[in-house]
Amino acid sequence: MFARPDYDASIVNLVSALCGERPETPGLYPPLPELMTYDAGQRPVALLVIDGMGYHFLQRFPGSALARHLRRPLTSVFPTTTATAVTALALGVPAQQHAITGWFTYFDELGCVAAPLPFLPRGGGATFDTLGVDAGQLLGTTPLLPRQSRRCCVVSPHCIADSPYSRGLFADTPRLPHRSLANFFANIERGLQGTDNPFVWAYWTELDALAHQFGIDSDHVREHFLAIDAAFSGLLQALAGSGALVVVSADHGLIDSHPEQVLQVAEQPELQRLLRLPLCGEPRAAFCYLRHGVGDAFSAYARAELSDSFQAYPAEQLMDEGWFGRGRPTPALLRRIGDYLLLPQGRWVIRDQLLQERPYRLIGVHGGLSDQELLVPLVVCEP
């Protein structure tokens, strides 16, 4: 059995400590005890989300400023992917309540498999906002930051700062868009200014992007991390004596894939015959929607043909066992996890391809439950 998110010590509990628990989920996701002594509600606070900076990755740099302020590992949520985890970090609840289950999610409200972050149908087409759809309609809960009694702002990449999905997550919370690493940290410093104890939610994407392209073990990623760390040190110096609290974590970590450990659905005709929709979720956490009446055949096929690379789990069982979170699930969740989940052994990934899609390979991948993907750091600083 795989390790699973610990919803007493996860990124959701981190948000509970900094922003307070959501009123509709009292007690489900208690605040991290480690942060309760910092009096976060009575001082300026910045939460930095470094996409893809896993706990095991950070431990490779013990001399870095980020590692020197490392408190402990936390778990991400499931699946360990940006669509699910950044949504959790923005809204303060995991997929059990927000129901975004991966880069590709089946939305019966839209009648298709779609990519929620770019807000597009899988395979391309018009963005849903141009068709009059509000991204907030797909979320099982409401934005968290506008509920705060303190001034909040969001520091995020210029290209997504006012995207349809960002508007769904943050509503009218003011944005400070950034175009560079220096601009990112300058905007965090700017957002923390004032005497009203502001809260800054800041998001950096480039580490994850480089890991996808070159691998989490690559020199490209190493060099970029060192640049982040140097800029982070500069931020701490700039904030010295301000009374601010700076917390850094991530949405997930990554693991490098191998070309020989890719299962192509196109090369599995029997598997193709059993599926009624394209794969959803992630290449390392694939939700399978089956044709009517083939559940036993799918389970037998997975045991006989896929057991060396993937394990198949009934999706509803995972929901009942708390993989996606605690408490009452939003009704949309069951419709968005399909019939079975394929979870990989080792470094395996599974891919399918629509006719209009081009072949692609990501070296760094995530979505699964290896420690490298699941564990993220808790970094806490009082400059």
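Just above sits the structure.
In this report, the structure presented in the accompanying data block is examined. (Residues numbered from 1 in each chain as written. Predicted model: local features only at pLDDT ≥ 70, side-chain atom pairs only at ≥ 80, totals over all residues. Heavy atoms only, no water.)

## Comments concerning the overall build of the protein chain
The number of helices and strands found in the protein chain is 14 helices and 17 strands. What you see for the protein chain is a C-alpha radius of gyration of 20 Å, in line with the 21 Å of a compact globule of 383 residues. If you line up the protein chain on its principal axes, its C-alpha atoms span 65 × 40 × 40 Å. Sequence separation of at least 24 residues holds for 74% of the intrachain contacts in the protein chain that already meet a minimum separation of 6. Of the side chains in the protein chain, 29 bear a positive and 39 a negative charge, and the two mean positions are spaced by 3 Å. (Helix = DSSP H or I, 4+ residues; strand = E, 2+ residues; numbered from the N terminus. Rg over C-alpha atoms; globule rule 2.2 N^0.38 Å. Contact = heavy atoms within 4.5 Å. Lys, Arg positive; Asp, Glu negative; His and termini not counted. Charge placed at Lys NZ, Arg CZ, Asp CG, Glu CD.)

## Things to note about the nonpolar core
With 90 residues, the main nonpolar core has Leu18, Leu35, Leu48, Ile188, Trp201 and Phe232 as its most contacted residues. Filtering out sequence-adjacent residues up to four positions away, isoleucine 188 remains in contact with Ala46, Leu48, Val155, Val200, Ala202 and Leu235. One finds Tyr106, Phe287, Phe324 and Leu333 within the second-largest nonpolar core, a separate group that totals 24 residues. (Core = buried A, V, L, I, M, F, W, Y, C linked by side-chain atoms within 4.5 Å. Buried < 20%, exposed > 50% of the residue type's maximum accessible area, 1.4 Å probe, protein only.)

## Things to note about helix H8 (residues 206-214)
Those residues of H8 that sit buried are Leu207, Asp208, Leu210, Ala211 and His212. Here the buried face of H8 lies against strand S1 (45-50), helix H2 (55-58), strand S7 (199-204), helix H9 (219-238) and strand S16 (364-365). Taken from the residues just after H8, glycine 215 is the one with a positive phi, measuring 105°.

## Quick look at the packing of helix H1 (residues 11-19) against helix H4 (residues 82-91)
The geometry of H1 relative to H4 is characterised by a closest axis approach of 8 Å and an angle of 20° between their N-to-C directions. Our classification of the angle between H1 and H4 gives roughly parallel. Considering the relative orientation of H1 and H4, their crossing is right-handed. On H4, the residues touching Ile11, Val12 and Val15 of H1 are Ala85, Ala88 and Leu89. (Axes fitted to C-alpha atoms, helices over the stretch in contact; angles between N-to-C directions. Parallel < 35°, antiparallel > 145°, perpendicular 65-115°, else oblique. Left-handed = near helix turned anticlockwise from the far one by under 90°.)

## So, the sheet that holds strand S6 (residues 152-155)
The 6 strands are arranged S2-S17-S8-S1-S7-S6 in an open sheet whose pairing can be described as mixed. Edge positions in the sheet fall to strand S2 (70-75) and S6, since each of these pairs with one other strand and no more. Shown here is a sheet whose adjacent strand axes are inclined to one another by a mean of 20°, direction ignored. As paired elements, S1 and strand S8 (residues 245-249) share 5 bridges and run parallel to each other. Residue pairing for S8: leucine 47 is matched across the bridge by valine 247. (Pairing = 2+ DSSP bridges.)

## A closer look at empty space enclosed by the protein
This structure, assessed with the given rule, holds 1 cavity of 30 Å³ or more. Volume-wise, the largest cavity comes out at about 40 Å³. Around the largest cavity, the lining residues are His56, Phe57, Arg60, Ile216, Leu254 and Gln372. The class makeup of the residues in the lining of the largest cavity is 3 nonpolar, 2 polar and 1 charged. (1 Å grid on protein atoms, 1.4 Å probe; cavity = no way out; pocket = protein on both sides within 12 Å on 5 of 7 lines; lining within 4 Å. Points joined across faces, edges and corners; volume = space filled by probe spheres on them. Nonpolar A, V, L, I, M, F, W, Y, C, P; charged D, E, K, R; others polar.)

## Regarding the pattern of salt bridges
Applying the stated criterion across every chain, the model contains 15 salt bridges. Across the pair aspartate 108 and arginine 335 runs a salt bridge whose closest N-O atoms are separated by 2.7 Å. Within this pair, whereas aspartate 108 is found in the loop between strand S3 (105-107) and strand S4 (112-115), its partner arginine 335 is found in helix H13 (residues 332-335), the two being separated by 227 residues in sequence. Among the ionic pairs, arginine 336 bridges to glutamate 109, the shortest N-O distance being 2.6 Å. Of the two residues, arginine 336 sits in the loop between H13 and strand S14 (340-344) while glutamate 109 sits in the loop between S3 and S4, which places them 227 residues apart along the sequence. According to the relative accessible area criterion, glutamate 109 is partly exposed, its value standing at 40%. Connected through salt bridges with shared partners, the residues Arg122, Asp352 and Glu357 form a single ionic network. (Salt bridge = Lys/Arg side-chain N within 4 Å of Asp/Glu carboxyl O.)

## A few points about H4
By the criterion of burial, H4 is predominantly enclosed, with 10 of the 10 residues buried. Taken together, the buried positions of H4 are occupied by Thr82, Ala83, Thr84, Ala85, Val86, Thr87, Ala88, Leu89, Ala90 and Leu91. Taken together, the buried residues of H4 touch H1, S1, helix H5 (95-98), helix H6 (164-170) and S7. Count one or two residues on from H4 and you reach glycine 92, which has phi positive near 80°.

Geometric values such as these leave the question of function open.
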